[in-house]
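A look at the structure
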Amino acid sequence: MNFNEKTILVVEDEPSLATVLCEYLSHASFKTEILDNGSLVIPKVKELKPDLIVLDLMLPEKDGLTIFKELRGFTKTPVIMATAKVDEIDRLLGLELGADDYVCKPYSPREIVARVKNILRRSEKNSESEQNEKPLVINEASMSVVLQGQPLVLTPAEFRLLSHLFHNMGQIFSRDQLMKKIYDDNRVVTDRTIDSHIKNLRKKFHEVSPDCDYIKSIYSVGYRLEI
């Protein structure tokens, strides 16, 4: 697994500890960010979208337990919870907090790096497993589409059309709405252009699975995606 593109957010109000840990993580090819104030964590996570968070339990303005509960309201980002007391870990486990790992301070930065790697490897495997179970997987970053485990080769317009339908599952869109979504450069196209893209998408779907009927035509209205 390549860790070069993985970002670790270290939330720790002890500057020396945070600096040393980040040095070890950087040496292991991770990108790092440090926060020392609990009230800044949620906005930073939404902005940065880190791959893993090392979260101290005791922080200024907002404690780690509160932060973790808020995090789980919008993200599944792995979290390693750090605390200065061994019995605190027992209490957290008793609360069934659900963090990915717990460590007691003072900890070995080398051990934290090892735990980070293990968690990310496990997370990636789980993600791949979940994707393999889904009939249709769309990756916006790589503009890739996998249908029932088979990659599809789509044109940019086909990808934008399918992606829009996918992220608005079950919602009906008229041809005009889809044209405006796909072509935002004011080019002149007819509503039959959408029909052509839909036809091509269905053909590519059927090449993978003849029974695939995810793209529904709503008579005189438009199209929607149903899985």
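This text goes with the structure placed above it.
Here we summarise the structure given alongside this text. (Residues numbered from 1 in each chain as written. Predicted model: local features only at pLDDT ≥ 70, side-chain atom pairs only at ≥ 80, totals over all residues. Heavy atoms only, no water.)

1. Quick notes on the packing of helix 6 (residues 156-167) against helix 7 (residues 175-182)
Geometry of a packed helix pair, given as the angle between the helix axes and the separation of the axes. Threshold: Angles here are taken between N-to-C directions and fall from 0 to 180 degrees, while the axes themselves are lines fitted to C-alpha atoms, restricted in helices to the stretch in contact. Every helix listed is a DSSP run of H or I at least four residues long, and every strand listed is a run of E at least two residues long, numbered separately from the N terminus. For classification purposes, angles smaller than 35 degrees are called roughly parallel, those larger than 145 roughly antiparallel, those between 65 and 115 roughly perpendicular, and all remaining angles oblique. Note on convention: the crossing is left-handed when the near helix lies turned anticlockwise from the far helix by less than a right angle, right-handed when the turn is clockwise. Between two residues, a contact is recorded if the distance between any of their heavy atoms is within 4.5 Å. Under this grouping Gly is polar, as are all residues other than the nonpolar Ala, Val, Leu, Ile, Met, Phe, Trp, Tyr, Cys and Pro and the charged Asp, Glu, Lys and Arg.
Between helix 6 and helix 7, whose axes approach to 9 Å, the crossing angle comes to 120 degrees. Comparing their axes, helix 7 and helix 6 come out oblique. Of the two elements, helix 6 crosses helix 7, and the hand of that crossing is right-handed. For the pair formed by helix 6 and helix 7, the contact residues are Ala 157, Arg 160, Leu 161, His 164 and Leu 165 on the first element and Leu 178, Lys 181 and Ile 182 on the second. Tallied by class, residues from the contact of helix 6 with helix 7 come to five nonpolar, one polar and two charged.

2. Considerations on the side chain of Ser 163
For clarity, the threshold we go by: The rule is simple: take the accessible area with a 1.4 Å probe, protein chains only, and divide by the maximum for that residue type; under 20% is buried, over 50% is exposed, in between is partly exposed.
With respect to the element layout, Ser 163 can be found in helix 6. We classify Ser 163 as buried; its relative accessible area is 7%. Excluding residues within four positions of it along the chain, Ser 163 makes contact with Ile 138 and Glu 140.

3. Focus: the environment of Val 137
Looking at the secondary structure, you find Val 137 in strand 6 (residues 136-139). Along the chain, Val 137 and Phe 166 lie 29 residues apart, while their C-alpha atoms are 9.2 Å from each other.

4. Some words on the pattern of salt bridges
Quick reminder of the rule: Salt-bridge detection follows one rule: a side-chain nitrogen of Lys or Arg within 4 Å of a carboxyl oxygen of Asp or Glu.
Here the structure, examined in full by the defined rule, presents 14 salt bridges. Two residues, Glu 33 and Lys 44, come together in a salt bridge whose shortest N-O distance is 3.8 Å. You can see Glu 33 sitting in strand 2 (residues 31-35) and its partner Lys 44 sitting in helix 2 (residues 41-48), a full 11 residues away along the chain. Glu 33 sits in the partly exposed class, given a relative accessible area of 30%. Asp 195 is the partner of Arg 192 in a salt bridge, and the nearest nitrogen-oxygen pair spans 2.5 Å. With a gap of three residues between them, Arg 192 and Asp 195 both fall in helix 8 (residues 191-208), about one helical turn apart. A single network of salt bridges, built from pairs that share partners, joins Glu 12, Glu 14, Asp 56 and Lys 105.

5. Considerations on the packing of aromatic side chains
Quick note on the threshold: What counts as a ring pair is set by centres within 6.5 Å for rings of Phe, Tyr and Trp (its six-membered ring), and what kind of pair is set by the plane angle: stacked under 30 degrees, edge-to-face over 60, tilted for all other angles. A ring is considered to have a charge above it if a Lys NZ or an Arg CZ atom is located within 6 Å of its centre and within 35 degrees of its normal.
Scanning the model with the defined rule gives one aromatic pair in all. Here the aromatic rings of Phe 205 and Tyr 214 are separated by 6.1 Å at their centres, their planes lie at 75 degrees, and the arrangement is edge-to-face. Neither Phe 205 nor Tyr 214 differs from the other in exposure class; each is buried. Over the ring of Phe 74 we find Lys 46, and its NZ or CZ is 5.0 Å from the ring centre.

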